[in-house]
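Residue strings, one per chain:
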Amino acid sequence: MAIRIVTDSTSDIPREVAQNLGISIVPLTVSFGKEAYRDGIDLSNKEFYSKLVQSKTLPKTSQPSIGEFVDIYKMHAQHDNEIISMHISNKLSGTYRTALLARDAMGSDCHIDVVDSESVSMGLGLSVVATAKAVRDGASFKEAMEIAHRSTKQTHLVAFLQTLEYLERGGRLGKGKALLGSLLHIKPIIAVREGEVQPFGMARTTKGALYRLYDFVNMLMHITGLSIMYTTVSKEVEILAKLLAPLFPRDFILVAQAGSILGTHTGPGTVAVAALVE
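Given the structure is predicted, the values throughout are model-derived calculations rather than measurements.

Peer 1: Please give an account of the packing of aromatic side chains that cites residues and values.
Peer 2: As enumerated under the stated definition, the model contains 4 aromatic pairs in all. The structure contains a cluster of three or more aromatic residues connected by ring pairs, namely Phe32, Phe48 and Tyr49. The side chain of Lys51 reaches across the aromatic face of Phe32, ending 5.6 Å from its centre.

Peer 1: Describe helix H2 (residues 45-54), naming the residues involved and giving the relevant values.
Peer 2: What H2 keeps buried is the set Phe48, Tyr49 and Leu52. Buried positions in H2, seen along its axis, are confined to an arc of 90 degrees and lie on one side of it. For H2, the exposed residues set more than 90 degrees away from the buried face come down to Lys46 and Gln54.

Peer 1: An account of the nonpolar core is requested, with residue identities and associated values reported.
Peer 2: By size, the foremost hydrophobic cluster in this structure holds 51 residues, and its most contacted members are Ile5, Ile13, Ile23 and Ile84. Residue contacts for Ile23: discarding those within four places in its chain leaves Ile5, Thr7, Ile13, Ala18, Val128, Val129 and Ala132. Membership of the second largest hydrophobic core comes to 28 residues, among which are Phe216, Leu226, Tyr230 and Val273.

Peer 1: Before we move on, can you summarise the pairing of strand S13 (residues 271-277) with the specific residues and values?
Peer 2: Burial runs high along S13: 7 of the 7 residues are buried. Burial along S13 is two-sided: the residues Val271, Val273, Ala275 and Val277 and Ala272, Ala274 and Leu276 are all buried. Of the pairings in the sheet, the one linking strand S8 (residues 155-160) to S13 comprises 6 bridges and is antiparallel in character. When the sheet's bridge partners are listed, Ala159 is paired in S13 with Ala272. Sheet topology note: the strand S11 (residues 223-230)/S13 ladder contains 7 bridges and is antiparallel. Counterpart to Gly225 in the pairing with S13 is Leu276.

Peer 1: Talk me through empty space enclosed by the protein; I want residue IDs and the actual numbers.
Peer 2: This model, assessed by the stated rule, comprises 1 cavity of 30 Å³ or more. By volume, the largest cavity amounts to about 40 Å³. Every residue along the wall of the largest cavity is listed here: Val30, Tyr37, Arg38, Asp39, Gly40, Leu43, Ser44, Asn45, Phe48 and Ser260. Of all the elements in the fold, those that place two or more residues in the lining of the largest cavity are strand S4 (35-38) and H2. Here the lining of the largest cavity is composed, by residue class, of 4 nonpolar, 4 polar and 2 charged.

Peer 1: Residue-level account of the environment of Ser117, with values.
Peer 2: When you line up the elements, Ser117 lands in the loop between strand S7 (111-116) and helix H5 (122-136). On the accessibility criterion, Ser117 (2% relative accessible area) is buried. The residues contacting Ser117, other than those within four sequence positions of it, are His87, Ile88, Ser89, Leu124 and Thr152. One polar contact links the side chain of Ser117 to the main-chain carbonyl oxygen of His87, over a distance of 2.8 Å. A distance of 3.1 Å separates a polar side-chain atom of Ser117 from the backbone nitrogen of Ser119.

Peer 1: Pulling in residues and values, what's your account of the layout of surface pockets?
Peer 2: Space inside the largest pocket adds up to approximately 570 Å³. Looking at the largest pocket, it is lined by 22 residues, and the ones nearest its centre are Val129, Ala130, Lys133, Thr224 and Gly225. Here the element with the most residues in the lining of the largest pocket is H5; it accounts for 5 residues. In terms of residue class, the lining of the largest pocket is built from 12 nonpolar, 5 polar and 5 charged. A volume near 340 Å³ is recorded for the second largest pocket. Contributing to the lining of the second largest pocket are 28 residues, with Ile88, Leu92, Val120, Leu262 and His265 lying nearest its centre. Element by element, the count of residues in the lining of the second largest pocket is highest for helix H10 (residues 260-266), at 4 residues. A breakdown of the residues in the lining of the second largest pocket according to their chemical character gives 16 nonpolar, 11 polar and 1 charged.

Peer 1: Quick one: what's the story with the packing of H5 against helix H6 (residues 141-153), residue by residue and with numbers?
Peer 2: Interaxial distance between H5 and H6 falls to 9 Å at its minimum, and their mutual angle equals 160 degrees. By the criterion of interaxial angle, the relationship of H5 to H6 is roughly antiparallel. Relative to H6, H5 is oriented so that their crossing is right-handed. Contacts between H5 and H6 involve Ser127, Ala130, Thr131, Ala134 and Val135 from the former and Ala144, Ile147, Ala148, Ser151 and Thr152 from the latter. Looking at the contact of H5 with H6, its residues break down into 6 nonpolar, 4 polar and no charged.

Conventions and cut-offs
- Residues numbered from 1 in each chain as written.
- Predicted model: local features only at pLDDT ≥ 70, side-chain atom pairs only at ≥ 80, totals over all residues.
- Heavy atoms only, no water.
- Phe/Tyr/Trp six-rings, centres within 6.5 Å; stacked < 30°, edge-to-face > 60°.
- Lys NZ or Arg CZ within 6 Å of the ring centre and 35° of its normal.
- Buried < 20%, exposed > 50% of the residue type's maximum accessible area, 1.4 Å probe, protein only.
- Helix = DSSP H or I, 4+ residues; strand = E, 2+ residues; numbered from the N terminus.
- Arc of directions from axis to C-beta.
- Core = buried A, V, L, I, M, F, W, Y, C linked by side-chain atoms within 4.5 Å.
- Contact = heavy atoms within 4.5 Å.
- Pairing = 2+ DSSP bridges.
- 1 Å grid on protein atoms, 1.4 Å probe; cavity = no way out; pocket = protein on both sides within 12 Å on 5 of 7 lines; lining within 4 Å.
- Points joined across faces, edges and corners; volume = space filled by probe spheres on them.
- Nonpolar A, V, L, I, M, F, W, Y, C, P; charged D, E, K, R; others polar.
- Polar contact = N/O pair within 3.5 Å; in protein donor to acceptor, adjacent residues only side chain to side chain.
- Axes fitted to C-alpha atoms, helices over the stretch in contact; angles between N-to-C directions.
- Parallel < 35°, antiparallel > 145°, perpendicular 65-115°, else oblique.
- Left-handed = near helix turned anticlockwise from the far one by under 90°.

Here it is in structure tokens:
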């Protein structure tokens, strides 16, 4: 039986990777005033970050509708017997809950399981890619679901931001609120743990923050997937990639630019690492 993998655009999986593995991506929406754009479709990343910097107010993000999920599920149900739908942490977005409602609306048309990744960006993306590769290599639905659930517990994501302003204004700061008021001229470092944003540390300079990300990865054992994410900077990505190359083959490090949803809540200048371990 054919198995299809579905995720949402907060996964930040590079488009060519998604296409090669047959991963379908349901877009979230970002709105500047009355203008709404589907993440990764109606607005390029370059155009989005230009608007973000120029905008006097923070754009709003919204999850896909039930209808959007139903449409893609129905499209796949015509050809595929089973769907694994993997999404951003339920604590960060209502996308997972919407996918559940869409699954229920499908009835018995197709066997659909929905997975809460408890992460975001390539923290979600690495789990999706691992599951899709297993399906490509002949895994059964049960085997693929085991990989999907196991990988959500084995994925780590740490990021440094230029400021906590965007997370605070977007209401996604979680336990990281404890850092507010004490970070003048300091780079806050956050982690996604148990599905929410939590404080991880701080650094006084960008160079120091990059070494903190390196140190974090260096502590991990048996890395099977590694990704570097960024919003607007690329020079720092290359520096970090060179630092990480002795720990994980450079050619296999997935570099991904965060789309408009993550960018809205983290802001310009963000750099992050996500690792999948056994």
